[in-house]
Each structure stands twice: as C-alpha cells, then as structure tokens.
Amino acid sequence: MMRTGVFFHEMFSGREWLIIGNKFRNFPKVMEKVLKLPQVTLFCPEKVPEALLLKVHTRRFLEDLKRAWYRDGALYSVGGCVEAIDRILSGDMDNALVFTVAAGHHAERDSAWGGTYASCAGPAFYHARERFGPLKMAILDTDRHHGNGTRDIFRDEDHVLHVCFCHQDIIEGSGTKVCVNTAYPHTDESYLQVVQEEFIPRAMGFKPHLILHNLGHDTCQLDYGDLGLTPEFYPRLVKEIKACSEQLCSGRYVVLTHGGRRADVAEYIFPEIIKILAQ
Ligand SMILES: [Zn+2]
Ligand SMILES: [Zn+2]
C-alpha cells in the first residue's frame, strides 16, 4: 500500500479554462469514494511564491501572468506540484496526483501558450534541490503536444531527463532531452509499447530520485489530440509507470494532469488513477 496525496483546489472546477474547458466541473465530487481510502489524503494547494517562479521565469513574464484572469489557477497548480514533490522527498507520502489548470508544459522562461501559463516542473525541481540537495528527476510527457516549456526550462540541466512523446524525433542534451514521434494512430497496446521501449530503459539508465509524469488525455478518442486511445489506456499507463517508479526510485511518482477537454474521460480516469497510485 502506498500513501497517496491528491492536490486539488475547489477553484479549478466550475470555470472554462483555456483549452481544457470545464473538465473538472464535477470534481472533487467524482473522487469522493477514492478519497475515503485511508492511505489517500486530499490537499488544497497554496499559491506558489513569486520567488520560486522567478527561478525559471523572467520578471516580465511574471508581471504579465499577474495581470491575467487565469493567474490564480496557474499559481495554485504550480503550488500543488511544488508541495507534492516536497512532501514525497520529505517522506510524508509516496506518490501524488496533482490537478492543474493554466499551468504546465507549454510555459517557457519568457513565453507561454496552449493553455499553460506557468511552469510546474521548474519551480518544483529547483525548490526541491535547494531543500534536499542534488536531485535527479525524470519527466515523462505523454500529452499529445511537445513540451516546449519543460524543454526550454531544463535545456542545460543534466539532472533532468525529459522524454516527450510528441510529433518529432529528437535526441539532445547528451541523451537527457528526448522527443519520440508518436503522432500517428495507435491502439492502447501500441502506445504503451512505445512508452515501454522509449521511456523505461532511459529512466533505468538515468536513475532518478523521482518520476514526474505530464499525463495529458488529449490523445483520447474524440478529444482534440485524438490518437485513437481509449479511456482505459490512462490507468494502464499509470500502473506501468508506477511499477517502474517502484523499481527505480522507491515509488516516488507524481502524476500531473495536462491536456484533454473531455470531462467524461477525466471523471473516469482520475479516480481510477488514484486507486492505482494508492495500491
Ligand atoms: Zn496537449
Ligand atoms: Zn517533444
């Protein structure tokens, strides 16, 4: 059994966020049952401090963010990611599911687009490194789109492995920055196989202290990044990566919600994912 944290702020529901829409409209209600598991704890995140955002973003970028209507969503999302990683490395919990809106993998140092307007991984990594010393983090990105922001922020950071499943094949940064072209129709099995072949061996070689997973479900059938995957795919993927984290880094695994706007898919997969994380 694992101790699992779920980071969700009430303000994430009931609002049309850019790109992902109002897919969390029925949260946290739809998680009610799994949140009652004794090993699962629901946290209401705090806003990330400005000083932490400034470790990866420019002052100009931050001033723009502060004027945007989606600011609070972004600040709470990043705050949840920072706290989840902090608590896992402190030994408070083993793994976590962090809900995000308006923050994530398209936020570069000085620009952002695509529904994500602040980096989650950057502030969380640099905060943890300051608090716990040398840290190696493996980032798996299975959202449909290229994680340009994550790549930009960690371009020169050898202690971050970034394996991004998008529309191109790239290997850079002496092998720690990788894109794998998965932009073609898949079955659940074929996508899972690519992740097994392209992420797991790299993570094994890298030996991270923690795995961070940008879990977009925009790749689901009928969503805006449709690759033919079914809703059942996402819990299966988490099961696979969780097993990998148990082998590699004592189960230290953080799942971040990313793209996808189908509310029915979100309502099905995230309670399932919590159940799997808590097993
Ligand atoms: Zn996406
Ligand atoms: Zn990519």
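Since the structure is predicted, the reported quantities are computational estimates derived from the model, not experimental observations. (Residues numbered from 1 in each chain as written. Chains lettered and ligands numbered in written order. Predicted model: local features only at pLDDT ≥ 70, side-chain atom pairs only at ≥ 80, totals over all residues. Heavy atoms only, no water.)

Asks: When you look at helix H9 (residues 233-249) in this model, what are you seeing that I'm missing?
Replies: Because the α-helix completes a turn every 3.6 residues, residues three or four places apart line up on one side. In this model, H9 (17 residues) spans 24 Å end to end at C-alpha, consistent with the 24 Å of a helix rising 1.5 Å per residue. Among the residues of H9, Phe233, Tyr234, Pro235, Leu237, Val238, Ile241, Lys242, Cys244, Ser245 and Cys249 are the ones counted as buried. Backbone geometry just downstream of H9 places Ser250 in the positive-phi region, at approximately 50°. (Helix = DSSP H or I, 4+ residues; strand = E, 2+ residues; numbered from the N terminus. Expected span 1.5 Å × (residues − 1). Buried < 20%, exposed > 50% of the residue type's maximum accessible area, 1.4 Å probe, protein only.)

Asks: In this structure, what is going on with the pairing of strand E3 (residues 95-98)? I would like to understand it.
Replies: Two faces make up the sheet, and in a regular strand the side chains alternate between them. Side chains Asn95 and Leu97 of E3 all project onto a buried face; the interleaved residues Ala96 and Val98 project onto the opposite face, where all are buried too. Pairing analysis gives four bridges linking strand E1 (residues 4-7) to E3, with the strands arranged parallel. Note on E3: the bridge partner recorded for Val6 is Leu97. Bridge analysis of E3 against strand E9 (residues 253-257) gives four bridges, and the strand direction is parallel. Each residue of the ladder has a partner; that of Asn95, found in E9, is Tyr253. (Pairing = 2+ DSSP bridges.)

Asks: Explanation requested: the packing of helix H4 (residues 71-90) against helix H5 (residues 121-132) in the structure shown.
Replies: Helix-helix packing is described using two parameters, namely the angle between the two axes and the distance between the axes. Packing of H4 against H5 leaves a shortest axis separation of 9 Å and a crossing angle of 35°. Crossing angle aside, the handedness with which H4 passes H5 is right-handed. Contacts from Val78, Cys81, Val82, Ile85, Asp86, Leu89 and Ser90 in H4 reach Pro123, Ala124, His127, Ala128, Arg131 and Phe132 in H5. Taken together, the residues of the contact of H4 with H5 sort by class into nine nonpolar, two polar and two charged. (Axes fitted to C-alpha atoms, helices over the stretch in contact; angles between N-to-C directions. Left-handed = near helix turned anticlockwise from the far one by under 90°. Contact = heavy atoms within 4.5 Å. Nonpolar A, V, L, I, M, F, W, Y, C, P; charged D, E, K, R; others polar.)

Asks: Would you mind going over the packing of H9 against helix H10 (residues 263-278) with me for this structure?
Replies: Where H9 meets H10, the axes come as close as 9 Å, and the angle between the chain directions of the two elements is 25°. Comparing their axes, H10 and H9 come out roughly parallel. Crossing geometry of H9 relative to H10 is assigned as right-handed. Only Tyr268, Ile269, Glu272, Ile273, Ile276 and Leu277 of H10 make contact with H9, whose side of the interface consists of Tyr234, Pro235, Val238, Lys239 and Lys242. Classifying every residue of the contact of H9 with H10 gives eight nonpolar, no polar and three charged. (Parallel < 35°, antiparallel > 145°, perpendicular 65-115°, else oblique.)

Asks: I'm lost on H10 in this one. Help?
Replies: Between its first and last C-alpha, H10 extends 23 Å over 16 residues, near the 22 Å set by a 1.5 Å rise per residue. Listing the buried residues of H10 in full gives Ala263, Val265, Ala266, Ile269, Phe270, Pro271, Ile273, Ile274, Ile276, Leu277 and Ala278.

Asks: How should the packing of aromatic side chains be read in this particular structure?
Replies: By convention here, two paired aromatic rings are described through the distance between centres and the angle between planes. In this structure the tally under the stated criterion is 20 aromatic pairs. Between Phe8 and Phe99 the ring centres are 5.1 Å apart and the planes differ by 90°, which places this aromatic pair in the edge-to-face class. You can see Phe8 sitting in the loop between E1 and helix H1 (32-35) and its partner Phe99 sitting in the loop between E3 and H5, a full 91 residues away along the chain. Take Phe8: its relative accessible area is 4%, and that puts it in the buried class. Phe99 gets classed as buried once you look at its relative accessible area, which sits at 1%. When the ring of Tyr191 is compared with that of Phe233, the centres are 5.2 Å apart and the planes differ by 70°; the resulting orientation is edge-to-face. You can see Tyr191 sitting in helix H7 (residues 188-198) and its partner Phe233 sitting in helix H9, a full 42 residues away along the chain. Neither residue differs from the other here; Tyr191 and Phe233 are each classed as buried. Put simply, the rings of Phe8, Phe12, Phe24, Phe27, Phe99 and Phe270 pair up and form one aromatic cluster. (Phe/Tyr/Trp six-rings, centres within 6.5 Å; stacked < 30°, edge-to-face > 60°.)

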